[in-house]
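# A structural walkthrough
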Amino acid sequence: QTAAGYRQNSNMDRTYLQVFDKVSFSQKDQLKLMGLYSALNYETPGGLTLSQFQADPQLARLATKTIPGSIQQHAGIKQKMLFGGAVNEWHLSERIRNVTSVFGTYVDFANPFITTYNQRYEGTYGLRSYFEWSGKPDTAINRKVNLGVEWQQTNSDITRYGNRGGVRDTAQALDKIHTNQHFIFARYLADFSRKLHLEAALSLNFYGYEFRNVFPNNEASFTNRTFTPQLMPRIALSYQVTNNFIWRASVSRGYSTPTTTEIRPTDQVVNNSLKAEDGWNYETGFRLRNDDESMYLDASVFYYDLHNAIVPQQNADGTAYYVNAGDTHQPGFEVYF
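Here is what the cut-offs are and how they apply
- Residues numbered from 1 in each chain as written.
- Predicted model: local features only at pLDDT ≥ 70, side-chain atom pairs only at ≥ 80, totals over all residues.
- Heavy atoms only, no water.
- Helix = DSSP H or I, 4+ residues; strand = E, 2+ residues; numbered from the N terminus.
- Rg over C-alpha atoms; globule rule 2.2 N^0.38 Å.
- Buried < 20%, exposed > 50% of the residue type's maximum accessible area, 1.4 Å probe, protein only.
- Contact = heavy atoms within 4.5 Å.
- Areas by Shrake-Rupley, 256 points an atom, 1.4 Å probe, with all protein chains shown as cover.
- Lys, Arg positive; Asp, Glu negative; His and termini not counted.
- Charge placed at Lys NZ, Arg CZ, Asp CG, Glu CD.
- Pairing = 2+ DSSP bridges.
- Phe/Tyr/Trp six-rings, centres within 6.5 Å; stacked < 30°, edge-to-face > 60°.
- Lys NZ or Arg CZ within 6 Å of the ring centre and 35° of its normal.
- Patch = residues over 30% accessible without salt bridge, like charges linked within 9 Å, V, L, I, M, F, W, Y side chains within 5 Å.
- Salt bridge = Lys/Arg side-chain N within 4 Å of Asp/Glu carboxyl O.

A count of helices and strands for the chain gives three helices and 17 strands. Against the compact-globule benchmark of 20 Å for 337 residues, the chain has a radius of gyration of 25 Å, which places it well outside the compact range. The dimensions of the chain, computed from C-alpha atoms along their principal axes, are 80 × 50 × 45 Å. The buried share of the chain, reckoned over its 337 residues, is 34%. Considering only intrachain contacts with a sequence separation of at least 6, the fraction spanning at least 24 residues in the chain is 60%. Approximately 20,100 Å² of the chain is accessible, and the part contributed by carbon and sulfur atoms is 57%. Seen as two clouds, the 32 positive and the 32 negative side-chain charges of the chain have centres 3 Å apart.

Examined bridge by bridge, strand 6 (residues 116-134) and strand 7 (residues 141-164) share 19 bridges and lie antiparallel to one another. Across the sheet, residue Trp133 finds its bridge partner in strand 7, namely Val145. Here strand 6 folds back onto strand 7, and the loop between the two strands holds six residues, one of which, Asp138, carries a positive phi near 60 degrees. As defined by bridge partners, strand 7 adjoins strand 8 (residues 167-192) across 23 bridges and the pair is classed as antiparallel.

To continue, consider the packing of aromatic side chains. Inspection of the entire model under this criterion finds eight aromatic pairs. In textbook terms, an aromatic cluster arises when at least three aromatic residues are bridged by ring pairs, as seen for Tyr207, Tyr209, Phe211 and Phe227. The aromatic ring of Phe109 is capped on one face by Arg120, whose charged end is 4.7 Å from the ring centroid. Residue placement shows Arg168 over the ring face of Tyr161; its charged tip is 4.4 Å from the ring centre.

Now for a nonpolar patch on the surface. Among the surface-exposed residues, Leu17, Val19, Tyr37, Leu82 and Tyr106 lie close enough to one another that they form a single nonpolar patch of about 480 Å² accessible area. Looking at the secondary structure, you find Leu82 in strand 4 (residues 76-91). Look at Leu82 and you get partly exposed, because its relative accessible area is 49%.

Turning next to the environment of Ala63. In this fold, Ala63 is placed in the loop between helix 1 (50-55) and helix 2 (70-73). Overall, the relative accessible area of 41% leaves Ala63 in the partly exposed class. Spatially, the C-alpha atoms of Ala63 and Ser134 are 66 Å apart, while their sequence positions differ by 71 residues. If near-sequence neighbours (up to four positions away) are discounted, Ala63 is found in contact with Pro68, Gly69 and Gln72.

Spelled out as structure tokens, the structure:
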């Protein structure tokens, strides 16, 4: 895929290859294999002053007496990504099965900018496995239970160099960040006479990371930070009042730890004081359709109570950093017709 941009230094090209295969051992047991490779390159034109825009809106950012422009610095994004995974489904009996998946990704990311050349190498690998028990079919209560675990490790090398005409120059900062997250989960589904549907779920989440500055501090060992394990419950109900009218409601707790980009933003300072976001969401709504399904309406109201929201801030030199901004109380509604 390729696209020519409207402005100077705004072209894009992308190469993408995906492979997939499936091996069946029996009518029910099977192994799925998948992989993909993506190479993405796109140029970034940068900003213009008002007078430059009025003179020619197609220009890329121009050079000044002290700073080169986007074209001279070959400003843009270059990202190569490789992904591979396998999913195995194994039926232990008519009502018990296990699904296990393993995966890995590798990302080579580069961002030549006006004054800097940012580069990141990131490798991730993980696994997920769960057992599922299904109740007897064609009964008044159709039940299903899941119990499983998921684990993921990401190792990142985040570097910043000078940019000399699109070629990385002298090192400015080199950091290593390793993140680990895993959780165990249980889920119960029940369908009562095909009218009332119940879902109850609970997970226990663990997260931690370690970081080390290779340059300029040349730290000898990693600094560790571990977050307090978190319980995340969810309960949801839906009731089919008629064939065409369904009411639903749910209560759930969410939990989001800082990302690698938020821990080590573009100001090159590792922020080990960021707290994880967490919150409760309360929601209810309905779905309505007519007999021939030519019209469909889905409407809901919700209230989201978020704590320790992570938001970006900007330094005078344009670099970013992140802070916890406190609590957010957000009522709202959604309508789809």
